[in-house]
Amino acid sequence: MRNIKAGMKSMLWLQAGSCGGCTMSVLEVGAKGFMRELETFGIDLIWHPSISEESGSEAIDIFQAVAEGRLALDILCVEGSIMMGPDGTGLYSRMAGTGKTTLDWVRLLAPRARYCLAVGTCAAYGGIPAATPFMDEVSGLQYGETLEGGALGKDFRSLSGMPVINVSGCAPHPGWIMETIGAIAFDEFGETDLDRLGRPRFYAKTLAHHGCDRNEYYEFKASAEKFSDLGCMMEHLGCKATQAVGDCNQRAWNGGGSCTHGGFSCIACTSPGFEDATGFLKTPKVAGIPVGLPLDMPKAWFVALAALSKSATPDRVRENAVSDRVLSDPQRGKGVRE
Amino acid sequence: MTKVIAGPFNRVEGDLEVGLDIEDGIILRAEVTTTLFRGFEKILGGRPPMDALVIAPRICGICSVSQSIAAASALRALAGGRAAPNGYLAANLAHAAENIADHLTHFYLFFMPDFARAEYADYEWFERAAARFKAVSGEASAQYLPARRRLLEIMGIIAGKWPHSLAFQPGGVTKAIDIGERIRLAAILADFQVFLEQTLFGASLDDILSLESEDDLEALRAKGNSDFRFFLDVADDLALRALGKGPGQLLSYGAYHEAEESLLPAGIATLEGVRAFDANAISEDVASSWFEDTSKNPFEAETSPDVKKDGAYSWAKSPRIDLEPMETGAAARLAVAGHPLVTALIARDGGTSVRTRVIARVVETAILVHSMQGWLRRMRLKEAFSSHFSIPDEAAAAGLVEAARGSLGHWVQLRKGQIQRYQIIAPTTWNFSPRDERGIAGPLEQALVGVETGALGAKSAALQHVIRSFDPCMVCTAH
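Engineer: Which parts of the structure should I look at to understand the overall build of chain A?
Structural biologist: When helices and strands are tallied, chain A shows ten helices and eleven strands. For 338 residues, the compact-globule estimate of 2.2 N^0.38 gives 20 Å, and the C-alpha radius of gyration of chain A, at 22 Å, lies within 12% of that figure. In terms of overall dimensions, chain A has a C-alpha envelope of 75 × 45 × 35 Å along the principal axes. Out of the 338 residues belonging to chain A, those deemed buried represent 57%. In chain A, 67% of the contacts between residues at least 6 apart in sequence involve partners at least 24 apart.

Structure below.
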């Protein structure tokens, strides 16, 4: 087995109860691809399930060497939910060829890592596999829905003294993953760079709503009634962008997209427990008022402002909100087509 | 005889374990194990039907659009509705982009790096294989990944993001494409065609589209260097046409559907020809799976894990048609479509092989790029991209589509406006199924019997080639 390249930081990537989507996302980074980007930041990828040559016993040798402290590990990335079930055995997810569960391996390897990254909402908080009826059987690394402290426990600290870094998102933007890794490589990532749920603040300090290109429709409460309409999707179509963190609408996804730009609602995939919603695509309401109001906005103000802005909505905005294309262009005066 | 366990078997999507009985360096018996169970079928139960569009794609991060389209197609069938014509075209464009990305991620990141293993150090082509395809450091990935990134900009325009989009709805897609976006899509396809022609094909798109015979492949090899040509050279040297023969029955549900037609037809191909496919003949048994016994009919089956079950060795179930295992994937799709080259290779070799599976993916990539250009031209930008209809409270229907790796089906039953049952049979559930109640092995289990591993046992490259030639998606397999 080889040693870590001189002067580089080592990184090991494991997939637990994963769909592989976080890896598919991060493969998009960099002008010359993920592997060259890692080189740029001085990262020696000692093993990744989708990329590395080593298979079977060659891979197990690497895990063993890290677990026994023979191979220093700077960054452990875990992708996917930690399957705790059935009944705490972890047998829903065995690491092939090792006779151990992924839960076993995570508990062996995480304490050996200087930094431990939960890549994606599954590894951070449990994610979709932790939805009913599996909430007691599936967990994140350090957060669980009903399992306090997740797989590693709430007091877990990696060798750097940091808790698990939760790069949540389903799947996260490739930049969220790579920039977190890069910041660690530059030794400039500390606990104050995390929000209260362990997410990197560089992307979690804003709401997914900020920068949404439906902003004008939101301001005037001109709402979409069905998917493909241009209007704001908060009132009827379940959009949670005003409640979920992320700079989703401040950076380009796949060259220029985002969920709301693509015509569909934010489902708050960066949030713990997002999987528990039922009826994702419909806004729950009480007495006609959406239950989930913007994160830190007093309800009375929201209702008052909504009523005011609805009464001030230009015809152009009202008309376009329920169309799949702009029918009425902006112009001086009333903005209504002749 | 020695028993060995190969795993973690990497450079596949998800985690795989293979148990082998080896005698004198030859595999006598194989047991293929899917090691992960997440319970998506149970998670989908009790929810409003449209939630399937959120949950189902998250089965798989590499073929998320395929899962979305299967769910949307099932919901559409439940409603008896039709998508807007533009909706089919836009969804096909995104779906094809994903499937091409899958085919080439398989080629560049998963499959080719095995030729750079030290086992091949004495072969004449080794130096090139190592420079170009060595895992992590090879130069080819630094060309492929930027091309993939550019290709996936199609998702930014049509699907908002990838993986895991909600753009794919029963009535079409959530975003109408405008003139500027059509031009951007055309530019992406043009860029990607350049990558294909210069790097992968070493020939024009038309050259690949017109391949009909082994002689045509020979003529292509004479044209000069390319990654495909390199594969053909290595495949000849290692006799990959004789390696990893499939079970003989090739299944396709038909792919890239529109309201009345599909680009590729449904059917079952064998050496005797192509026959019609009957969805009612699909059964799925759990004889070797960690699940309690249940109905074999996917409309009636339950998913109840039983991790202590005697004789079980996989989280995958065993799907069958008329009790026979099926191989599925690009080779099957093109064989069912009667593609002359793929049909000829299968006939000549007496079945599918490692070589034919790889060739079929390359050929299908060319077919898809060509078709995408056509779908893009056919969009009528002044018309809707989505139709709207409601889903009934009580109904049952299936959505049958093709993912990159083969036939993908979602069987949905609604009761009182909620999902009562949701069953999924994924491509690799077919290809990597465990033994059924009659003891019939799955396609990979059959393909591994007789493979020579030599002294290297589970580490032998031949074993790696056979397994990876199916391009398994293990996360879909048991879901």
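Engineer: Explanation requested: the nonpolar core in the structure shown.
Structural biologist: Within soluble globular proteins, side chains that are nonpolar tend to cluster in buried spots. Counting 275 residues, the largest nonpolar core has Leu141 of chain A together with Leu93, Ile154 and Val363 of chain B as its most contacted members. For this core, the element with the highest residue contribution is helix α4 (residues 85-111) of chain B, accounting for 16 residues. Counting residues domain by domain, this core receives three or more from each of domain 1 (9-204) and domain 2 (206-323) of chain A. Every residue in contact with Ile154 of chain B, bar those within four places of it in the chain, is listed here: Leu93, Ala94, Ala97, Leu185 and Ile188 of chain B.

Engineer: How do you make sense of unusual backbone geometry when you look at a structure like this?
Structural biologist: Note on backbone geometry: most residues besides glycine have negative phi, and most peptide bonds are trans. Along the chain, Gly85 of chain A connects to Pro86 of chain A via a cis peptide bond; the corresponding omega equals -5°. Relative to the helices and strands, Pro86 of chain A resides in the loop between β4 (82-83) and β5 (94-95). Gly7 of chain B connects to Pro8 of chain B through a cis peptide bond whose omega is 0°. With respect to the helices, strands and loops of the structure, Pro8 of chain B is situated in the loop between β1 (2-6) and β2 (16-23). Located in the positive-phi region is Ala287 of chain A, a residue other than glycine, with phi close to 50°.

Engineer: Just checking my understanding: could you explain the sheet that holds strand β3 (residues 26-34) of chain B for this structure?
Structural biologist: Sheet strands line up and pair through hydrogen bonds in the backbone, either parallel or antiparallel. Residues and elements named next belong to chain B. On the basis of which strands lie adjacent, the open sheet formed by three strands has the order β1-β2-β3 and antiparallel pairing. A single partner strand is all that each edge strand has here, and the edge strands are β1 and β3. Averaged over all pairs of adjacent strands, the angle between strand axes in this sheet comes to 20°, irrespective of strand direction. Pairing between β2 and β3: eight bridges, direction antiparallel. Each residue of the ladder has a partner; that of Gly19, found in β3, is Glu31.

Engineer: What is the right way to read the environment of Ile183 of chain B from this model?
Structural biologist: One can find Ile183 of chain B in helix α8 (residues 179-201). Separated by 193 residues in the primary sequence, Ile183 of chain B and Leu376 of chain B place their C-alpha atoms 9.3 Å from one another.

Engineer: Explain the pairing of strand β14 (residues 418-425) of chain B to me, please; I cannot follow it from the model alone.
Structural biologist: Regular strands have side chains that alternate between both faces of the sheet. Residue and element names in this part refer to chain B. Counting buried positions along β14 yields six of eight residues, so the element is predominantly enclosed. Judged from the seven bridges that link them, strand β13 (residues 406-415) and β14 form a sheet pairing that is antiparallel. Of the residues in β14, the one forming a bridge with Gly409 is Ile425. Between β13 and β14, which follow one another and run antiparallel, lie two residues, and Lys416 among them has a positive phi close to 50°.

Engineer: How do you make sense of helix α14 (residues 354-378) of chain B when you look at a structure like this?
Structural biologist: Structurally, the α-helix is built with 3.6 residues per turn, so residues lying three or four positions apart point the same way. Helix length check: α14 of chain B (25 residues) gives 36 Å between terminal C-alpha atoms against 36 Å at 1.5 Å per residue, within 8%. When you tally the buried positions in α14 of chain B, you get 19 out of 25 residues, the bulk of the element.

Engineer: Where do I start with the environment of Asp237 of chain B in this structure?
Structural biologist: Residues and elements named next belong to chain B. Within the secondary structure, Asp237 sits in helix α11 (residues 227-237). Note on Asp237: 13 C-beta atoms within 10 Å, which makes it partly exposed. Residues Asp237 and Glu124, spaced 113 residues apart in sequence, show a C-alpha to C-alpha distance of 9.8 Å.

Engineer: How should the interface of chain A and chain B be read in this particular structure?
Structural biologist: Interface extent is often summarised as the accessible area lost during association of the parts. Of the residues lining the interface, 66 residues belong to chain A; the matching set on chain B comes to 69 residues. Counting residues per element, the ones that place at least two in the side of chain A that touches chain B are α1 (21-26), α2 (34-40) and β5 of chain A. Looking at the side of chain A that touches chain B residue by residue, the classes come out as 31 nonpolar, 27 polar and eight charged.

Engineer: Honestly, the pairing of β13 of chain B in this entry has me stumped. Any pointers?
Structural biologist: All names here are of chain B. In terms of burial, β13 is a largely internal element, eight of the ten residues being buried. When strand β12 (residues 395-403) meets β13, the two strands line up antiparallel, connected through nine bridges. Counted as the bridge partner of Gly399 is His410 from β13. What sits between β12 and β13 in their antiparallel hairpin is a turn of two residues.

Engineer: How do you make sense of the packing of helix α3 (residues 64-79) of chain B against α4 of chain B when you look at a structure like this?
Structural biologist: Angle between the axes and distance between the axes are the two parameters that describe a pair of packed helices. Residues and elements named next belong to chain B. Direction vectors running N to C along α3 and α4 enclose 145°, while the axes themselves pass 8 Å from each other. Packed against α3, whose contacting residues are Val65, Ser66 and Ile69, the element α4 presents Ala91, Ala94, His95 and Glu98 at the interface. In terms of residue class, the contact of α3 with α4 is built from four nonpolar, two polar and one charged.

Engineer: What is the right way to read the domain arrangement of chain A from this model?
Structural biologist: Residue and element names in this part refer to chain A. Partitioning chain A into structural domains gives domain 1 (9-204) and domain 2 (206-323). Inter-centroid distance (C-alpha atoms) of domain 1 to domain 2 is 31 Å. Contact with domain 1, which involves 17 residues of that partner, is made by twelve residues of domain 2. Of the residues belonging to the side of domain 1 that touches domain 2, the class tally is nine nonpolar, six polar and two charged.

Reading the values: rules and limits
- Residues numbered from 1 in each chain as written.
- Chains lettered and ligands numbered in written order.
- Predicted model: local features only at pLDDT ≥ 70, side-chain atom pairs only at ≥ 80, totals over all residues.
- Helix = DSSP H or I, 4+ residues; strand = E, 2+ residues; numbered from the N terminus.
- Rg over C-alpha atoms; globule rule 2.2 N^0.38 Å.
- Buried ≥ 20, exposed ≤ 12 C-beta atoms within 10 Å, placed from the backbone.
- Contact = placed C-beta atoms within 7 Å.
- Core = buried A, V, L, I, M, F, W, Y, C linked by C-beta atoms within 7 Å.
- Domains from an automatic or database assignment.
- Pairing = 2+ DSSP bridges.
- Axes fitted to C-alpha atoms, helices over the stretch in contact; angles between N-to-C directions.
- Expected span 1.5 Å × (residues − 1).
- Nonpolar A, V, L, I, M, F, W, Y, C, P; charged D, E, K, R; others polar.

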